[in-house]
Amino acid sequence: MKRGIIHLYKIGILFQNRDFEHDVYELIKAFYPGNEIVSLYEEDDADYDIRFRVSRDEEGYTISYNNGIEKKTAHGAVIEGQSSGEASDALISCNDAHDIRRKNKDAIKYALYQMLSKATGKTLPWGNLTGIRPVKMAMGMLEAGMKNTEIARYMRDQYLVSPEKTALAVTIANRERDILKNIDYENGYSLYVGIPFCPSICLYCSFSSYPLERWRKYVEAYLDALVKEIRAVSGMMKNRKLDTVYIGGGTPTTLEPDQLRRLLGAITEYFPCEELEEFTVEAGRPDSITLEKLQAIREFPVTRISVNPQTMNQETLDIIGRRHTVEQTKNAFHLARKAGFDNINMDLIVGLPGEDITKVQHTLDEVKALGPDSLTVHSLAVKRAARLNIFRDKYQEMTFENNQEIMDLTMKTAYEMGMGPYYLYRQKNMKGNFENVGYSEVDKAGIYNILIMEEKQPIIALGAGGSSKLVFDHGQRIERVENVKDVVNYITRIDEMIERKREGIAKWL
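This section reports on the structure supplied with the text. No experiment lies behind these values; they were computed from the predicted model shown.

Reading the values: the criteria
Residues numbered from 1 in each chain as written. Predicted model: local features only at pLDDT ≥ 70, side-chain atom pairs only at ≥ 80, totals over all residues. Heavy atoms only, no water. Pairing = 2+ DSSP bridges. Helix = DSSP H or I, 4+ residues; strand = E, 2+ residues; numbered from the N terminus. Axes fitted to C-alpha atoms, helices over the stretch in contact; angles between N-to-C directions. Expected span 1.5 Å × (residues − 1). Buried < 20%, exposed > 50% of the residue type's maximum accessible area, 1.4 Å probe, protein only. Contact = heavy atoms within 4.5 Å. Phe/Tyr/Trp six-rings, centres within 6.5 Å; stacked < 30°, edge-to-face > 60°. Lys NZ or Arg CZ within 6 Å of the ring centre and 35° of its normal.

1. Some points on the sheet that holds strand β6 (residues 60-66)
One open sheet holds the 5 strands; their spatial order is β4-β3-β5-β6-β7, and the pairing between them is mixed. The outermost strands of the open sheet, each flanked by one partner alone, are β4 (36-40) and β7 (71-77). For this sheet, the mean angle separating the axes of adjacent strands, direction not counted, is 15°. In this sheet, strand β5 (residues 50-57) lies alongside strand β3 (residues 10-15) in parallel orientation, the contact comprising 5 bridges. When the sheet's bridge partners are listed, Ile13 is paired in β5 with Phe52.

2. Some points on helix α8 (residues 257-270)
For α8, which comprises 14 residues, the first-to-last C-alpha distance of 20 Å matches the rise-based estimate of 20 Å (1.5 Å per residue) to within 8%. Within the span of α8, buried status applies to Pro257, Gln259, Leu260, Leu263, Leu264, Ala266 and Ile267. For α8, the secondary structure elements touched by its buried residues are β10 (188-195), α7 (219-236), β13 (241-249), β14 (278-284) and α9 (291-298).

3. Describing the environment of Ile183
If you trace the backbone, Ile183 turns up in the loop between α5 (163-179) and β10. The spatial distance from the C-alpha of Ile183 to the C-alpha of Lys456 is 9.3 Å, given a sequence separation of 273 residues. Contact partners of Ile183, with chain neighbours within four places excluded, come to Asp243, Glu277, Ile447, Leu451 and Gln457.

4. Comments concerning the packing of aromatic side chains
A complete count under the given rule lists 15 aromatic pairs for this structure. Both rings, one in Phe15 and one in Tyr41, keep their centres 6.2 Å apart while their planes meet at 25°; by these two values the pair is stacked. Of the two residues, Phe15 sits in strand β3 while Tyr41 sits in the loop between β4 and β5, which places them 26 residues apart along the sequence. Given a relative accessible area of 2%, Phe15 falls into the buried group. Aromatic pair Tyr192 and Tyr246: ring centres 6.0 Å apart, planes at 15°, arrangement stacked. Taken as a pair, Tyr192 in strand β10 and Tyr246 in strand β13 lie far apart in primary sequence, 54 residues in all. The burial state of Tyr192 is the same as that of Tyr246; both residues are buried. Taking NZ or CZ as reference, Arg298 lies 5.4 Å from the ring centre of Phe341, over its face.

Right, here's the structure in full:
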């Protein structure tokens, strides 16, 4: 199929062996973004532009490629002791079995990447890494005693990561390690509190967000349930040290000043907040920020806020449904400074519809003039639930541009603002196969952001859609405890949500 000069294909992947099915699918999708890709488990007669076949025999994995004109084959060797994704030898220890599985996964992805690169003529900045936490890998090697040069060489040779991204990952791993040096992984934890209401729902958003005008009547009942969960969880975690608090959303500043006082008052009453490493409120949407709300927040030990423009181009703001103006962003930032906040983050998104490098440059110039203390640059990731996908026919004429030149420009501007990179993560469906990077001045890094990505300690998440990560066994195991996403269900089933946490915390922590 053709749309302009972009060729879209129908691609079928026949899995005769399903070891590492997800990794194979994701790597193929990374080379063919925006194309229709179907997983198959038996032969069919459908008409595919490209067919892949994944099989395995005693000698290893075989992946074949056929586009009707040329055929290619890739082979990945099998490490003994692995059978259908599990260790077959009962004498192999759990650690050995995990290591064997990882080596087999690495082998098949390495071979597949080489074949895809030849077939498409492309390389990917992050090589064959399909996970969202490349810095976690670098951090693990750093903590194991490897030198920076050894880590860089390993990532380039084993995972085919570009020199630029390898250097970025190693740099961030070193800075993260320094930032987290005072965090108690074994006995500490962090707290996330979610406010799911927003002034309007952005075009690209896939979070559990609810437009305030339609859901305003539920806000007080939501706060009732949330305060009940706050009180209950404080008792469950009383023997652990609270390191960071993060209030996110949605948009927390959709709450009125007295509602913010009620929420922050409950957190500071029931949790020990005197010695926190960080307390963040994601103010987020500029059109939700007033001086009265900022003054209410300042009554509590909040150390960090976000004022998030995403872009400083008005036309783009209108397209993506932000429903605020560039001037409102500037005014909100100045109000935050007036209220006394000395650690303000701003979030930007590159790859938004219609934004080329000139428009990104304009955004960066405007942000640089404001002078935030940290900057988070997101590469657009269009998830399944986002309206941009749901209504793709309506928006199919939009152009989405992200490339290395744009990413380099954001990094250059951050450096000019006296900031260095301090955390990084990737998302599925990310335009250009790039990454999200947090930049900050020396003492202004977002500690919670690092902890949620590196999975070093438990994150207890409260509110609708909260997903708690219970990290234990010295960071080797993670279990999740989920709250329901729907606001009404959260309110009516709050006792059940509390009991889920009680059982999970008692079992795993």
